[in-house]
Every structure is written in C-alpha cells, then in structure tokens.
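Spelled out, the chains give:
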Amino acid sequence: AQSVSQHNHHVILSEAASLELGCNYSYGGTVNLFWYVQYPGQHLQLLLKYFSGDPLVKGIKGFEAEFIKSKFSFNLRKPSVQWSDTAEYFCAVLTGNNRLAFGKGNQVVVIP
Amino acid sequence: EPEVTQTPSHQVTQMGQEVILRCVPISNHLYFYWYRQILGQKVEFLVSFYNNEISEKSEIFDDQFSVERPDGSNFTLKIRSTKLEDSAMYFCASTSASPLHFGNGTRLTVT
C-alpha cells in the first residue's frame, strides 16, 4: 500500500529563514503528490500538487516542491518564511479510488 | 470560491451515544470522503462515496460507522455507539477530480 513519511515533526525557525520539509513516499508506479497546509483553527488547504511534467512545482504563498523520482521524494521548500507560515504541513500521495494517504505532518512554528 | 462546510464545529458526546456529523460538499462534486485525525496522529482515510454508495472504506470504518447522502446536498457520517477512541477531528472532503477540497472539520470529543 502507498504510504508517506514525513520527518522532523516539529520545526521551529525564525522569520526570513529557509524552510525545507522532507516527504518520502512508497509507491512504484505513477504518483500524484500533494502538500496540504492547515493553519491554526482552519481546514486543510492545498498548497501545491504534482501530477506530471516539470518536477519542480510552484505553489501558493511562495512554496515550491521538487519531485525526485529516484529518491521517492517530494520535499517542500520556501526560501524565506514569515510568521504567517506557522501551520501544520501534510504531504499526501493519491492512491486508487482517489483516496489520499497522508504523512504524519510537520508542525512548523515561525518566530517573529 | 465554494467551500465544503461542516457542522457542528465541535461535538461533545458521552460514550455509547450516537452522533451524526454533517457536511455539505461543493455542489457540482461527485466524490465524497470522510477522513479523521486523532490528536498527534496522521490524517486517516475512513470512507469514500460515489453514485450513492460506498466505493471504498478503511479498516477503521467498521459496523459502528455509516454514511448517507439523504437529500442530494448533505453528506453525513453516523457513529452508532461512540467509544473514547473515536475522539478525533473528522474532515469531510469532496471533489469532481483531484485535488480534494476539505471542510473545516468537526472536533468530536467522547467522554
């Protein structure tokens, strides 16, 4: 079964620092990959997705992710974070029947 | 932008009681889902629903759980006899194709 691993569950960093969140998936076939964000008290929102084509995907709010097939990875990056990026970030892979398998999430706290 | 809406935002119930969690998916979507997130754990798939029937369910979705689309707009999750371990955030989602659109969630607390 497809699964997703996210490491470093808690990340604390200062504003303007760079952020990279790791995501590794286990699936040998064609993958559709997603990053969702959940701001405090809010619902899950889509940050970006990869289906095919350019492996470097640009999302909202300055986020990007790179699909590296040989490493089974889809890491999320932002060059310079803001306090408003404090949230929980979830990587997910699409399985059969349009079902998402989520990672455990990364709790990111940005200190002003 | 249309949203998936869920009510209530927080439900407290006693163990053994029945609860119904309500969701209004985005109107032109055809696929509906329930996920849950126990505090500190992953978001877990519960069930998917298409064409008025369950298309897939996880091992979590046992006989205590049921889903219904009673009137063409609402999509409900019923837990027949709640257990302490059912305490979680329950998310409804819908889509016409990828990606999923999620509601704000219902926090269920079983005491």
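Further up the page is the structure itself.
Below is a summary of the structure that appears in this document.

What counts and how
Residues numbered from 1 in each chain as written. Chains lettered and ligands numbered in written order. Predicted model: local features only at pLDDT ≥ 70, side-chain atom pairs only at ≥ 80, totals over all residues. Heavy atoms only, no water. Helix = DSSP H or I, 4+ residues; strand = E, 2+ residues; numbered from the N terminus. Rg over C-alpha atoms; globule rule 2.2 N^0.38 Å. Buried < 20%, exposed > 50% of the residue type's maximum accessible area, 1.4 Å probe, protein only. Contact = heavy atoms within 4.5 Å. Areas by Shrake-Rupley, 256 points an atom, 1.4 Å probe, with all protein chains shown as cover. Lys, Arg positive; Asp, Glu negative; His and termini not counted. Charge placed at Lys NZ, Arg CZ, Asp CG, Glu CD. Pairing = 2+ DSSP bridges. Axes fitted to C-alpha atoms, helices over the stretch in contact; angles between N-to-C directions. Salt bridge = Lys/Arg side-chain N within 4 Å of Asp/Glu carboxyl O. Buried area = accessible area lost by both parts, 1.4 Å probe. Polar contact = N/O pair within 3.5 Å; in protein donor to acceptor, adjacent residues only side chain to side chain. Nonpolar A, V, L, I, M, F, W, Y, C, P; charged D, E, K, R; others polar. 1 Å grid on protein atoms, 1.4 Å probe; cavity = no way out; pocket = protein on both sides within 12 Å on 5 of 7 lines; lining within 4 Å. Points joined across faces, edges and corners; volume = space filled by probe spheres on them.

## Quick notes on the overall build of chain B
Then step 1. For chain B, the helix and strand inventory stands at 0 helices and 11 strands.
Then step 2. Counting from the amino terminus, helix and strand elements in chain B follow one another as β-β-β-β-β-β-β-β-β-β-β.
Then step 3. Scaling as 2.2 N^0.38, a compact globule of 111 residues should have a C-alpha radius of gyration of about 13 Å, and chain B matches this with 13 Å.
Then step 4. Dimensions of chain B, computed from the C-alpha atoms along their principal axes, are close to 35 × 25 × 25 Å.
Then step 5. Expressed as a percentage of its 111 residues, the buried residues of chain B come to 46%.
Then step 6. The contacts in chain B between residues at least 6 apart in sequence include a share of 53% that link residues at least 24 apart.
Then step 7. Accessible area for chain B stands at about 5600 Å²; split by element, carbon and sulfur atoms hold 45% of it.
Then step 8. Averaging the coordinates of the 9 positive side-chain charges in chain B and doing the same for the 13 negative ones gives two points 3 Å apart.

## Examining unusual backbone geometry
Only a minority of non-glycine residues have a phi that is not negative, and only a minority of peptide bonds are not trans.
Residue and element names in this part refer to chain B.
Then step 1. With an omega of -10°, the peptide bond running from Thr7 to Pro8 counts as cis.
Then step 2. As for its position among the elements, Pro8 is in the loop between strand 1 (5–7) and strand 2 (10–13).
Then step 3. The backbone of Asn52 sits at a positive phi, close to 65°, despite the residue not being glycine.
Then step 4. Structurally, Asn52 is set in the loop between strand 5 (43–50) and strand 6 (53–57).

## Considering the sheet that holds strand 3 (residues 19–24) of chain B
All names here are of chain B.
Then step 1. The strand order 1-3-8-7 describes an open sheet built from 4 strands, whose pairing is antiparallel. The open sheet has two edge strands with one neighbour each: strand 1 and strand 7 (65–68). Put simply, the sheet's adjacent strands are angled 20° from each other on average, direction ignored.
Then step 2. Pairing analysis gives 5 bridges linking strand 3 to strand 8 (residues 75–79), with the strands arranged antiparallel. Following the sheet pairing, Leu21 is matched in strand 8 by Leu77.

## Looking at the pattern of salt bridges
Residue and element names in this part refer to chain A.
Then step 1. If you walk through the whole model with that rule in mind, you get 6 salt bridges over all chains.
Then step 2. For Asp85, the salt bridge goes to Lys78, with nearest N and O atoms at 2.9 Å. No difference in accessibility class separates Asp85 from Lys78, as the two residues are buried.
Then step 3. If you follow the salt bridges from partner to partner, you end up with Lys58, Glu64, Glu66 and Arg77 in one network.

## A few points about the interface of chain B and chain A
A common way to report how large an interface is uses the accessible area buried once the components associate.
Then step 1. Each partner contributes residues to the interface: chain B has 20 residues there, and chain A has 20 residues.
Then step 2. When the buried area of chain B at its contact with chain A is split by residue, Lys42(B), Ser98(B) and Phe102(B) rank highest and sum to 29% of it.
Then step 3. Counting across the interface, chain B meets chain A through 1 salt bridge.
Then step 4. As a salt-bridge pair, Arg99(A) and Glu56(B) come within 2.7 Å of each other at their nearest N and O atoms.
Then step 5. Where chain B packs against chain A, one counts 3 residue pairs in polar contact (both at pLDDT 80 or more).
Then step 6. Within the residue set of the side of chain B that touches chain A, elements represented by two or more residues are strand 4 (31–37), strand 5, strand 6 and strand 9 (88–95) of chain B.
Then step 7. Looking at the side of chain B that touches chain A element by element, the count peaks at 3 residues for strand 4 of chain B.
Then step 8. A per-class count over the side of chain B that touches chain A returns 9 nonpolar, 9 polar and 2 charged.

## What to know about the layout of surface pockets
Then step 1. Its boundaries defined by the atoms lining it, the largest pocket holds a volume of some 430 Å³.
Then step 2. Around the largest pocket sit 20 residues that line it, and Gln38(A), Glu88(A), Gln37(B), Met89(B) and Arg107(B) are the ones nearest its centre.
Then step 3. Looking at the lining of the largest pocket residue by residue, the classes come out as 5 nonpolar, 12 polar and 3 charged.

Read these as layout, nothing more, since geometry by itself doesn't imply function.
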